[in-house]
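Descriptive analysis of the structure
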Amino acid sequence: MPRLLTIICLGLAIFFFVAINIWADRTFRTARLDLTEDRLYTITDGTRSVLKSIREPIRLRFYVSNGLDDLGPAYVALHKRASELLEEYGRISGGLLRVEYLDPKAFSPEEDLAVADGIQAIPNTLEDTQLFLGLSGTNSTDGRYVIAHLAPERAPFLEYDLTRMVHDLATPKKTVIGLLGDLPLQGNRIRQARPWAVLDAVERFFEIRAMFGTISQIDEEIDIVWLAEPGQLDETTLYALDQFAMRGGRILAFLDPYSEVLAAAQRGQNPPPPPRTGSLETLAPLLEAWGIDIPARKVVGDRPGALQVQMQKDRRVIVTDYLTWFMARKAAFAGDDLVTGNLKLMQFRSTGHIEARDGAETLIEPLVQTSSMANEIDLARIEYAPDPTGILADFIPADRRFVIAARISGPVKSAWPDGPPDSVTDEAAVTAHRTAADTPLALILVADSDVLSDHTWVENRNFLGSNLSVPYTNNGDFVVNALDQLSGSPAMIGLRGRGIADRGFTILEDMAQQAEQQYRSTERALREKIESLQRQIADLQKTEQEHSAILTAEQQSEIDRARGEMLDLRRELRDVRFALRRDVSTLKTTITALNMWTIPVLIGLLAVLIAGWRLLRNRRYREVRS
């Protein structure tokens, strides 16, 4: 009987185990628990808004080859994650997003369809075949969108890529952006220069219209003007921008005290062109009317975020911090703002800073700021032959935060209160003149233009002969977020900025920066002493040669003393170099040892405690039995 009861209990246990698993699988199919810090596996409100805005059916074809596991676990995980997202997308859209899964086997109709849709094949070297992992989509108006290859490198941006695809298919009419500036964002076919990655990111959501030459009046169809370091604007075009703001137009401006991109382009020309007029000088009348200022001959250096660069000094290649190139991390961003709330990391180069003019009625709301360990650096120190070590040695933090990017709002008046300038001859423009804005100014201003260049936010990789841009900072996300906010469409804001995970060792980085600055200051003082001694020895030897006189014993003793002191200084300099990162190396070694041995030691201690407890329990049990 007990045996039968045991068998029945085991059978019931197995039955309930299977039944509960089936019930849980069906009941909690959509339940998710996301424990990642960046909430990478949580559908954002922006995605939900896009999916719920779908009004007509969207059809997606998801091409997945059966042998995808031959490419490694990264592709398998990416396929699983994409499938889960698309299933959830279909549910949220109420069935208007329909996904068809296809396995493009060799020489099959599905393979022909994948090729026709523009899906990129991946060579499978193990079996000498081709595999596919891509997505194509169509809407009811013959709109098409293709993700030719889902790459593991872009896995953190999977939701961004998928929702961008759905958004483009669901939104046939895009906001129109008027692009005006000197930066070569659109590339150069003659020089075979590719368009900048930021332009591709923006064109996914907006329609870009380039603006050239003299502009008497900005087209009514243009919703937002994007100023990208415009330095060559005449008075008529300036007036058109002024009136665009007066009638409620929105502006995104990147104005730079020193554009490294354009400066490098000018240095490469032969003969050199005349000095370029900068945007701060060109737009001075508008900036004054809007109550804001960007100092023209000052850039900002930020010690905590400084990037390390290589430079040659004393015939040696050294690595040092370059204060005017720095990363802005989470604490730099306005966390409660739609533009920057989800950003983690941005890179700036030779950026200026934004200030309010005396008596300004406009309000400056900071979006990105430096740390408090920042200060101004004169432009002359980086304009022609920058010396990062010298800048670092002389740097003294101002104990204040500088505003790099800001939203400017409030009442504004025209820079031409008495009427259009004489250069404006267009009768319609003269008739439509406004002396004050009808609505508060809508301007997002960034005191840097190099932030748009590929060097500051994407890494270009070659994949099967095609270029793959992989973001490593949120520079492009900031631009799209800003345009989204200015267009009055916050639905897409939550999509970007997910997956940039800069998990730096902040303590190590702080120690390295402090050691670096201390070393540069000490190095400079020692070098000055060494150079002084070298000059002293050279003067004595020069006197001997010029007068053909033999040095006295006192003079020779002075040379020997100087040489001995110089050797001591060189030894001290080597000791300083050696000690530069000794503390950092020691801490790294300690952290490595803790990572390697902490868990094994804890497990060993736990095993000893359990063994001791069991031994004690058995001994007490035997004592009770006896």
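Heads up: the structure comes first, above all this text.
So, a few notes on the structure that sits alongside this text. As the structure is a prediction and not an experimental result, all values here were calculated from the model.

All right, on to the overall build of the protein then. Scanning the protein from terminus to terminus reveals 17 helices and 21 strands. Buried positions account for 43% of the 626 residues belonging to the protein. Of the contacts made within the protein by residues no fewer than 6 positions apart, 76% connect residues no fewer than 24 positions apart. Carbon and sulfur atoms form 54% of the exposed surface of the protein, whose accessible area is close to 33,900 Å².

What follows is about the packing of aromatic side chains. Counted by the stated rule, this structure contains five aromatic pairs. Between Arg349 and the ring centre of Trp325, over which it is positioned, the NZ or CZ distance is 3.9 Å.

Within the secondary structure, Ala525 is located in helix 15 (residues 506-547). Taking the C-alpha atoms as reference points, Ala525 and Ala393, 132 residues apart in sequence, are found 9.6 Å from one another.

Let us look at the sheet that holds strand 16 (residues 363-369). Strand order in the open sheet formed by seven strands is 7-6-8-9-19-18-16, and the pairing between neighbours is mixed. This sheet does not close on itself; its edge strands, each paired only once, are strand 7 (206-210) and strand 16. Taking the axes of each pair of neighbouring strands and ignoring which way they run, one obtains an average angle of 20° across the sheet. The sheet contacts of helix 7 (residues 235-246) involve strand 6 (175-181), strand 8 (224-228) and strand 9 (250-254), and relative to strand 8 the element is tilted by about 135°. Sitting on the sheet, helix 14 (residues 475-486) touches strand 6, strand 7, strand 8, strand 9, strand 16, strand 18 (403-409) and strand 19 (442-446), and the angle it makes with strand 9 is about 160°.

As a packed pair, helix 2 (residues 45-52) and helix 3 (residues 73-92) sit with axes 9 Å apart at the nearest point and diverge in direction by 55°. Taken together, the axis directions place helix 2 and helix 3 in an arrangement best described as oblique. The handedness of the crossing between helix 2 and helix 3 is right-handed. Contact with helix 2, carried on its side by Thr47, Arg48, Leu51 and Lys52, involves Tyr89, Arg91 and Ile92 of helix 3 and no other residues of that element. Residue composition of the contact of helix 2 with helix 3, grouped by class: three nonpolar, one polar and three charged.

By the criterion of burial, strand 8 is predominantly enclosed, with five of the five residues buried. Neither face of strand 8 is left uncovered, since the one carrying Ile224, Trp226 and Ala228 and the one carrying Val225 and Leu227 both have all their residues buried. Bridge count between strand 6 and strand 8: five bridges; the pairing is parallel. Bridged to Leu179 within strand 8 is Trp226. In terms of strand pairing, strand 8 meets strand 9 through five bridges, oriented parallel. For Val225, the partnering residue across the bridge sits in strand 9 and is Ile251. The parallel pair strand 8 and strand 9 is bridged by helix 7, and the resulting crossover is right-handed.

To continue, consider the pairing of strand 6. Strand 6 sits mainly inside the fold: five of its seven residues count as buried. Inspection of the sheet shows strand 6 paired to strand 7 by five bridges, in the parallel sense. Counted as the bridge partner of Val176 is Glu207 from strand 7.

Within the structure shown, the criterion is met by 13 salt bridges. In this structure, Arg61 and Asp117 form a salt bridge, with 3.1 Å as the shortest nitrogen-oxygen distance. Residue Arg61 is found in strand 1 (residues 58-64), and its partner Asp117 is found in helix 4 (residues 109-117); the two are separated by 56 residues along the sequence. For Arg61, a relative accessible area of 29% gives the class partly exposed. The partner of Arg434 in a salt bridge is Asp438, with the nearest N and O atoms 3.2 Å apart.

So, on to unusual backbone geometry. One non-glycine residue, Phe107, lies in positive phi territory at about 60°. With respect to the helices and strands, the residue Phe107 is situated in the loop between strand 2 (97-102) and helix 4. With a phi angle near 55°, Asp399 is a residue other than glycine that sits in the positive phi range. Examined against the element boundaries, Asp399 turns out to sit in the loop between helix 12 (388-394) and strand 18. Residue Asp399 is classed as exposed on the basis of its relative accessible area, which comes to 65%.

Core analysis: the biggest nonpolar cluster contains 45 residues, and Trp226, Val368, Leu452 and Phe478 have the highest contact counts within it. One finds Ala406, Ile408, Trp416 and Leu445 within the second-largest nonpolar core, a separate group that totals 39 residues.

Bringing helix 3 into the picture now. Look at helix 3: 29 Å from first C-alpha to last across 20 residues, which is about the 28 Å you get at 1.5 Å a residue. The complete set of buried residues in helix 3 reads Tyr75, Leu78, Arg81, Ala82, Ser83, Leu85, Leu86, Glu88, Tyr89, Gly90 and Ile92. A positive phi of about 70° marks Gly94, the residue just after helix 3.

Cut-offs applied
Residues numbered from 1 in each chain as written. Predicted model: local features only at pLDDT ≥ 70, side-chain atom pairs only at ≥ 80, totals over all residues. Heavy atoms only, no water. Helix = DSSP H or I, 4+ residues; strand = E, 2+ residues; numbered from the N terminus. Buried < 20%, exposed > 50% of the residue type's maximum accessible area, 1.4 Å probe, protein only. Contact = heavy atoms within 4.5 Å. Areas by Shrake-Rupley, 256 points an atom, 1.4 Å probe, with all protein chains shown as cover. Phe/Tyr/Trp six-rings, centres within 6.5 Å; stacked < 30°, edge-to-face > 60°. Lys NZ or Arg CZ within 6 Å of the ring centre and 35° of its normal. Pairing = 2+ DSSP bridges. Axes fitted to C-alpha atoms, helices over the stretch in contact; angles between N-to-C directions. Parallel < 35°, antiparallel > 145°, perpendicular 65-115°, else oblique. Left-handed = near helix turned anticlockwise from the far one by under 90°. Nonpolar A, V, L, I, M, F, W, Y, C, P; charged D, E, K, R; others polar. Right-handed = clockwise from strand over helix to strand, strands pointing away. Salt bridge = Lys/Arg side-chain N within 4 Å of Asp/Glu carboxyl O. Core = buried A, V, L, I, M, F, W, Y, C linked by side-chain atoms within 4.5 Å. Expected span 1.5 Å × (residues − 1).

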